[in-house]
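In case you want the letters, here they are:
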Amino acid sequence: MAQRPLTLMAVHAHPDDEATGTGGVLARYAAEGVTTVLVTCTDGRCGDGPGGVKPGEPGHDPAAVAAMRLVELEASCAALKVTHLEVLGYPDSGMMGWPTNDAAGSFWTTPVPEAAQRLAALIDRYQPDVVVTYDENGFYGHPDHIQAHRITMAAVELTGSPAKVYWTTVPRSGMEEFGKTLRELGVEFPEPDPDAPPAGPPMGLPDEEISTWVDTRAYGPQKFDALAAHASQGENIFFLRMGKEKFTELMGVETFVRVRDTTGAPLPEDDLFAGLR
């Protein structure tokens, strides 16, 4: 009997999240013959509408935005050669503190066991060897990212899956250079108030706390094209302003923290499938 291909499952909150932190690994492993499964939890209805119109402004139609973003998500998956796309379809909850957080049926208000059961069914179906999602703070505190983390960890436990589990992160060593590049491109960030309490844990990790560094530079153009497929959100996708060459230079290594392992593969590692092949 032919051996089953290795399988990677990435669980993300919104259309476009798949490209930013995991576009490189999705493209690289697909090219290596790995089955790739993307689970997108929400419909992205709190994103920009045509012409950059924001949620709550005249002309913003959440259902139309969701429909448009699904088309863009499918185009992104085509660019990354994703094998299977699964859309859970929960209404986007918006940024932390928005009224949409508490809207009936939003992902943020959905009981974790309920959503985890749906994801568990997908884990049972696809039998992933590696599962990737966000850390407990959803990387930067977005409610839907936090919820994606919660349901993923619950679903892995529910199924008893032996999969290696990873959380996305970025090395703090590279964040200064990254910020400098964005400022050169005209992206300005407000200066933090030194007297204000921190909004949440700092983004990223010290290099020594990152377990897994995956070189995806050969797939930088695919990752760029996947992000570019989300054209309706282009105003917020700062990375696109870099152009493919600079983008690949700065975004060509994707980093993770391994939080669950059954292989005993030594750390640090340069392959999510270390110990499995």
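Residues numbered from 1 in each chain as written. Predicted model: local features only at pLDDT ≥ 70, side-chain atom pairs only at ≥ 80, totals over all residues. Heavy atoms only, no water.

## Some remarks on the pairing of strand 2 (residues 35-42)
Most of strand 2 sits out of view: eight of its eight residues are buried. Across six bridges, strand 1 (residues 7-12) lies against strand 2 in parallel orientation. Each bridged residue has a counterpart across the sheet, and for H12 the counterpart in strand 2 is T40. Handedness of the strand 1-helix 1 (residues 17-31)-strand 2 crossover: right-handed. Pairing of strand 2 with strand 3 (residues 84-90), which is carried by five bridges, proceeds in the parallel orientation. Residue V37 lies in a different strand from strand 3, and its bridge partner there is H84. On the question of chirality, the crossover connecting strand 2 to the parallel strand 3 by way of helix 2 (residues 62-80) is right-handed. (Buried < 20%, exposed > 50% of the residue type's maximum accessible area, 1.4 Å probe, protein only. Helix = DSSP H or I, 4+ residues; strand = E, 2+ residues; numbered from the N terminus. Pairing = 2+ DSSP bridges. Right-handed = clockwise from strand over helix to strand, strands pointing away.)

## Details of the pattern of salt bridges
One pass over the structure, following the stated rule, counts 16 salt bridges. For E254, the salt bridge is made with K223, and the minimal N-O distance between the two is 2.6 Å. One end of the pair, E254, is in strand 7 (residues 253-260); the other, K223, is in helix 6 (residues 220-228), and 31 residues separate them in sequence. The two residues E254 and K223 agree in class, both being buried. Each of R28, E32, D271 and R277 takes part in a single network of salt bridges with overlapping partners. (Salt bridge = Lys/Arg side-chain N within 4 Å of Asp/Glu carboxyl O.)

## With respect to the packing of aromatic side chains
Counting across every chain of the model gives four aromatic pairs. Summarising the aromatic geometry, the rings of Y29 and F273 are spaced 4.9 Å apart at their centres and angled 75° between planes, so their arrangement reads as edge-to-face. Taken together, the residues Y29 in helix 1 and F273 in the segment after strand 7 connect sequence positions 244 residues apart. A residue is classified by how much of its surface remains accessible, and F273, at 0% relative accessible area, is buried. (Phe/Tyr/Trp six-rings, centres within 6.5 Å; stacked < 30°, edge-to-face > 60°.)

## A look at the nonpolar core
Counting 32 residues, the largest nonpolar core has L8, Y29, L272 and F273 as its most contacted members. Mapped onto this core, the elements with two or more residues apiece are strand 1, helix 1, helix 2, strand 4 (130-133), helix 6 and helix 7 (243-251). Among the elements that line this core, the one with the most residues is helix 1, at five residues. Beyond its immediate sequence surroundings of up to four residues, Y29 is in contact with L8, V34, V214, D271, L272, F273 and R277. In this structure, M9, F107, V156 and V165 belong to the second largest nonpolar core, which totals 25 residues. (Core = buried A, V, L, I, M, F, W, Y, C linked by side-chain atoms within 4.5 Å. Contact = heavy atoms within 4.5 Å.)

## Description of the side chain of H14
Mapped onto the secondary structure, H14 falls in the loop between strand 1 and helix 1. When neighbours within four sequence positions are excluded, H14 is seen to be in contact with T40, T42, D92, H142, D144 and H145.

## Some words on a nonpolar patch on the surface
Taken together, the side chains of M95, W98, Y140, M175 and M203 define a hydrophobic patch exposed on the protein surface, amounting to about 420 Å² of accessible area. Residue placement: M95 occurs in the loop between strand 3 and helix 3 (112-126). For M95, a relative accessible area of 34% corresponds to the partly exposed category. (Patch = residues over 30% accessible without salt bridge, like charges linked within 9 Å, V, L, I, M, F, W, Y side chains within 5 Å. Areas by Shrake-Rupley, 256 points an atom, 1.4 Å probe, with all protein chains shown as cover.)

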